[in-house]
Amino acid sequence: MNLLLDPFFEFAFMRRALVATLALALGSAPLGCLLVLRRMSLVGDAMAHAVLPGAAAGFLLAGLSLPAMSAGGFIAGLAVAFAAGIVTRHTPQREDASFAAFYLIALALGVLMVSVRGSQLDLMHLLFGSVLAVDDPALFLMAGVASLTLLTLAGLYRPLVLESLDPGFLRSVGGPGALAHAALIVLVVANLVSAFQALGTLMAVGLMMLPAASARFWVTGLPAMAALAAALAAAAGFVGLLVSYHAELPSGPCIVLACGAFYVVSVLVGGRDGIFVRRWRAAHHLSR
């Protein structure tokens, strides 16, 4: 066991990577649960891609500067969300289709911007990140975003839940439905921006959505689902880092694949709605 855990005791970059994944898990996974509850899972993926042109613009202006790339990614993500909202509000098109259209435009624009002015290595860094290269400023950003996310979720918990389950009722009683929705989108963008240096714009959403989708197969109730999703995301970060170190594989894909493994197990044997569990219950019911 000591040989297995030695990388975290011996190498500072492994410890920073582990702390980074823990911070991302605490902030991102509860947001993923809300997106799953609102049937907006693909919106998270769209927003992850939407930050790319802003991050690319920050990179072209200031190089590998975390403040510039983070600010650019945050502005670009909010711009895509705002544009998708306008299209949804003024046309018959649904919100998921609007997000899909704009994220494809943003992704292509970001790749083009980096390809014209940067190198292939720069593009790979933006798309896939490097969790083992996370430095102290990036850690402070992740921890700050995670703390802000948890505080905001605690303050807006009731409006967020009501707006997810019954937005018509919340509007009828004069609740802050629009504020809750806007806060959720801002938090999603902020968490994806804080995660892109570690996991890249293509895989940052994996730590947000896969644990949330997995938790739904085990528990009922949003607080329990959020807690389990955060725990699964943290465990996936730990397992993914160990596998990547010992097998000499890229860390980001290993972390997301660990999340994927938890999801497959949950789909099959999850105590709430797993395939095998549902079949066993059906067979048990028929036998009675």
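Everything numeric in this text was worked out from a predicted model, so none of it was measured.

J.: Would you mind going over the overall build of the protein in detail, with residue names and values included?
T.: Looking only at helices and strands, one finds 15 helices and zero strands in the protein. A globule of 288 residues ought to have a C-alpha radius of gyration of about 19 Å, and the protein, at 20 Å, matches this closely. Summarising its shape, the C-alpha atoms of the protein cover approximately 65 × 55 × 30 Å along the three principal directions. The buried share of the protein, taken over its 288 residues, is 47%. Partitioning the contacts of the protein with sequence separation of at least 6, the portion at a separation of at least 24 is 72%. Counting 15 positive and 12 negative side-chain charges, the protein places the averaged centre of each group 14 Å from the other.

J.: Quick one: what's the story with the nonpolar core, residue by residue and with numbers?
T.: Of all hydrophobic cores here, the largest spans 79 residues; its most connected members are Met-47, Leu-126, Val-134, Met-142, Val-188, Leu-192 and Leu-241. Beyond its immediate sequence surroundings of up to four residues, Met-142 is in contact with Ala-20, Ala-23, Leu-24, Val-134, Ser-194 and Ala-198.

J.: Summarise helix H2 (residues 12–37); cite the residues concerned and give the values.
T.: With 26 residues, H2 should cover 38 Å at 1.5 Å per step; its first-to-last C-alpha distance of 38 Å lies within 8% of that length. By the largest-angle criterion, Ala-25 marks the main kink of H2, which is about 30 degrees. Just downstream of H2 lies Arg-39, where phi reads positive at about 55 degrees.

J.: Could you give me a rundown of the packing of H2 against helix H8 (residues 136–155), with the residues and numbers involved?
T.: Two quantities define a packed helix pair, namely the angle between the helix axes and the distance between the axes. H8 packs onto H2 with a crossing angle of 30 degrees between their chain directions and a minimal axis gap of 9 Å. As judged from the angle between their axes, H2 and H8 are roughly parallel. Here H2 and H8 pass one another in a crossing that is left-handed. Contacts between H2 and H8 pair Arg-16, Val-19, Ala-20, Ala-23, Leu-24, Leu-26, Gly-27, Pro-30, Leu-31 and Leu-34 from the former with Asp-136, Leu-139, Met-142, Ala-143, Ala-146, Thr-149, Leu-150 and Leu-153 from the latter. Split into classes, the residues belonging to the contact of H2 with H8 amount to 14 nonpolar, two polar and two charged.

J.: Account for the layout of surface pockets, with residues named and values stated.
T.: In this structure, the largest pocket occupies an estimated 510 Å³ of space. The wall of the largest pocket is formed by 19 residues, among which Gly-85, Arg-89, Glu-95, His-181 and Ala-182 lie closest to the centre. Listed by contribution, the elements that provide at least two residues to the lining of the largest pocket are helix H5 (66–90), helix H6 (95–117), helix H10 (167–172) and helix H11 (177–203). Sorting elements by how many residues they give to the lining of the largest pocket places H5 first, with seven residues. Its residues placed into classes, the lining of the largest pocket shows ten nonpolar, five polar and four charged. Counted as a void, the second largest pocket has a volume near 280 Å³. Forming the boundary of the second largest pocket are 13 residues, of which Arg-38, Arg-39, Met-40, Arg-94 and Glu-95 lie nearest the centre. Listed by contribution, the elements that provide at least two residues to the lining of the second largest pocket are helix H3 (41–50), H6 and helix H9 (157–165).

J.: Explain the packing of aromatic side chains residue by residue, including any values.
T.: How two aromatic rings sit relative to each other is set out by the distance from centre to centre and by the angle between their planes. Taken as a whole and judged by the stated rule, the model has four aromatic pairs. Aromatic side chains Phe-11 and Phe-13 sit 5.4 Å apart centroid to centroid with 35 degrees between the ring planes, which places their arrangement in the tilted category. Its relative accessible area of 29% is what places Phe-13 among the partly exposed residues. With a centroid separation of 5.8 Å and an interplanar angle of 45 degrees, the aromatic rings of Phe-11 and Tyr-245 are classed as tilted. One end of the pair, Phe-11, is in the loop between helix H1 (2–10) and H2; the other, Tyr-245, is in helix H13 (residues 222–247), with 234 residues separating them in the sequence. Judged by relative accessible area, which is 31%, Tyr-245 ranks as partly exposed. By the ring-pair criterion, three or more aromatic residues cluster together here, those being Phe-11, Phe-13 and Tyr-245.

J.: Could you give an account of the packing of H2 against H13, naming the residues involved and the relevant values?
T.: One way to put it is that H2 packs onto H13 with a least axis distance of 8 Å and a crossing angle of 145 degrees. Once H2 is placed against H13, the crossing between them reads as right-handed. Here Met-14, Ala-17, Leu-18, Thr-21, Leu-22, Ala-25, Leu-26, Ala-29, Pro-30, Cys-33, Leu-34 and Val-36 of H2 lie close against H13, whose contacting residues are Leu-222, Met-225, Ala-226, Ala-229, Ala-230, Ala-233, Ala-234, Gly-237, Phe-238, Leu-241 and Tyr-245. Taken together, the residues of the contact of H2 with H13 sort by class into 21 nonpolar, two polar and no charged.

What counts and what doesn't
Within each chain, residues carry numbers counting from 1 in the order of the written sequence. With pLDDT at 70 or above as the cut-off, local features in this predicted model cover only qualifying residues; side-chain atom pairs require 80 or more to be listed or tallied, and sums for whole chains, interfaces and linings still use all residues. To get the side-chain values, all heavy atoms of the structure are used, and hydrogens and water are removed first. Each helix is a run of H or I in the DSSP string that is no shorter than four residues. Each strand is a run of E no shorter than two, and both are numbered from the N terminus. With the radius of gyration taken over C-alpha atoms, the globule rule is written as 2.2 Å times the number of residues to the power 0.38. Relative accessibility thresholds used throughout: buried, under 20% of the residue-type maximum; exposed, over 50%; partly exposed, between the two (1.4 Å probe, protein chains only). We call two residues in contact whenever any of their non-hydrogen atoms come within 4.5 Å of each other. Think of it this way: Lys and Arg go in the positive column, Asp and Glu in the negative one, and His and the chain ends go nowhere. Think of each charge as sitting on NZ of Lys, CZ of Arg, CG of Asp or CD of Glu. Remark: nonpolar core denotes a set of buried residues (Ala, Val, Leu, Ile, Met, Phe, Trp, Tyr, Cys) joined through side-chain atoms within 4.5 Å. Take the residue count of a helix, subtract one, and multiply by 1.5 Å to get its expected span. Note that the bend at a residue is defined as the angle between axes fitted to the seven residues ending at it and the seven residues starting at it. Between the N-to-C directions of two axes lies an angle of 0 to 180 degrees, each axis being a line fitted to C-alpha atoms and, for a helix, fitted only over the stretch in contact. Small angles under 35 degrees read as roughly parallel and large ones over 145 as roughly antiparallel, with 65 to 115 read as roughly perpendicular and the rest as oblique. Helix crossings get a hand from a simple test, with the near helix turned counterclockwise from the far one by less than a right angle marking a left-handed crossing and a clockwise turn marking a right-handed one. Under the grouping applied here, Gly and all other residues not named as nonpolar or charged are polar, the nonpolar ones being Ala, Val, Leu, Ile, Met, Phe, Trp, Tyr, Cys and Pro and the charged ones Asp, Glu, Lys and Arg. Buried and open spaces are told apart on a 1 Å grid over the protein atoms alone, a cavity being a set of points where a 1.4 Å probe fits but cannot get out and a pocket being an open set with protein on both sides within 12 Å along at least five of seven lines. Residues with an atom within 4 Å of a point are the lining residues. Grid points are joined across faces, edges and corners, and a volume is the space filled by probe spheres set on the points. A pair of aromatic rings is counted whenever rings of Phe, Tyr or Trp (Trp by its six-membered ring) have centres within 6.5 Å, and the orientation is called stacked for planes under 30 degrees apart, edge-to-face for over 60 and tilted otherwise.

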